[in-house]
Amino acid sequence: HVSIVPAIQDLLANPAANYNAWFVATLFDAFYAFGWFWLWIAYKETSTAARIIWLLLVLSLGNMAMAAYALIQIAKLPATATVEDFLLRRKPAAR
């Protein structure tokens, strides 16, 4: 059984000793992507409560929350929906 927990605890306890530019770049990249994805969620959702809940989910669960949101949005679409119906806030047109 291999765990990443000791490495994370060591990094948090002594960050300068384990400084790695790729680690910093990866964290920046991930949270930058989370932020942009959440902006799309904030655009799509009309409720402030839903926006806050999804922000917390994205920041805590990352890609799993993002995938769940996208799948929920896809499940709500009719079979004749377009990409625009998926991406934009408007209700899908009945076809």
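Remember, it's a predicted structure, so these values are computed and weren't measured experimentally.

1. Considerations on the overall build of the protein
Looking only at helices and strands, one finds 5 helices and 0 strands in the protein. Along the protein, helices and strands appear, N-terminal first, in the series α-α-α-α-α. In terms of C-alpha radius of gyration, the protein reaches 18 Å, well past the compact-globule figure of 12 Å for 95 residues. In terms of its C-alpha atoms, the protein occupies a principal-axis envelope of roughly 60 × 30 × 25 Å. Counting across all 95 residues of the protein, residues that qualify as buried make up 20%. Within the protein, counting contacts between residues at least 6 apart in sequence, those at least 24 apart form 47% of the total. Side chains of the protein give 7 positive and 5 negative charges; the mean places of these two sets differ by 15 Å.

2. Quick word on the packing of helix H3 (residues 48-61) against helix H4 (residues 63-76)
Here H3 crosses H4 at 135 degrees, and the two axes come no closer than 6 Å. Between H3 and H4, the angle is such that the two are oblique. Contacts between H3 and H4 involve Trp54, Leu57, Val58 and Leu61 from the former and Asn63, Met64, Ala65, Met66, Ala68, Tyr69 and Ile72 from the latter. Grouping the constituent residues of the contact of H3 with H4 by class yields 10 nonpolar, 1 polar and no charged.

3. Regarding the packing of aromatic side chains
Any two aromatic rings considered together are summarised by their centre-to-centre distance and by the angle between their planes. A complete count under the given rule lists 8 aromatic pairs for this structure. Ring centres of Tyr32 and Trp36 lie 6.2 Å apart, and the angle between their planes is 75 degrees; this geometry places the pair in the edge-to-face category. Remark: Trp36 and Tyr32 occur in helix H2 (residues 21-44); sequence separation between them is 4 residues, near one turn of the helix. Centroid distance Trp54 to Tyr69: 4.9 Å. Interplanar angle 80 degrees. Geometry classified as edge-to-face. Within this pair, whereas Trp54 is found in helix H3, its partner Tyr69 is found in helix H4, the two being separated by 15 residues in sequence. Both residues of the pair, Trp54 and Tyr69, count as buried. Three or more aromatic residues link up through ring pairs in this structure, and these residues are Phe37, Trp40, Trp54, Tyr69 and Phe86.

4. A word on a nonpolar patch on the surface
Residues Phe23, Val24, Leu27, Phe31 and Leu59 make up a contiguous nonpolar surface patch of roughly 430 Å² in combined accessible area. For the nonpolar patch, the element with the highest residue contribution is H2, accounting for 4 residues. Positionally, Leu59 belongs in helix H3. Since its relative accessible area comes to 43%, Leu59 is described here as partly exposed.

What counts, and where the lines are drawn
Residues numbered from 1 in each chain as written. Predicted model: local features only at pLDDT ≥ 70, side-chain atom pairs only at ≥ 80, totals over all residues. Heavy atoms only, no water. Helix = DSSP H or I, 4+ residues; strand = E, 2+ residues; numbered from the N terminus. Rg over C-alpha atoms; globule rule 2.2 N^0.38 Å. Buried < 20%, exposed > 50% of the residue type's maximum accessible area, 1.4 Å probe, protein only. Contact = heavy atoms within 4.5 Å. Lys, Arg positive; Asp, Glu negative; His and termini not counted. Charge placed at Lys NZ, Arg CZ, Asp CG, Glu CD. Axes fitted to C-alpha atoms, helices over the stretch in contact; angles between N-to-C directions. Parallel < 35°, antiparallel > 145°, perpendicular 65-115°, else oblique. Nonpolar A, V, L, I, M, F, W, Y, C, P; charged D, E, K, R; others polar. Phe/Tyr/Trp six-rings, centres within 6.5 Å; stacked < 30°, edge-to-face > 60°. Patch = residues over 30% accessible without salt bridge, like charges linked within 9 Å, V, L, I, M, F, W, Y side chains within 5 Å. Areas by Shrake-Rupley, 256 points an atom, 1.4 Å probe, with all protein chains shown as cover. Salt bridge = Lys/Arg side-chain N within 4 Å of Asp/Glu carboxyl O.

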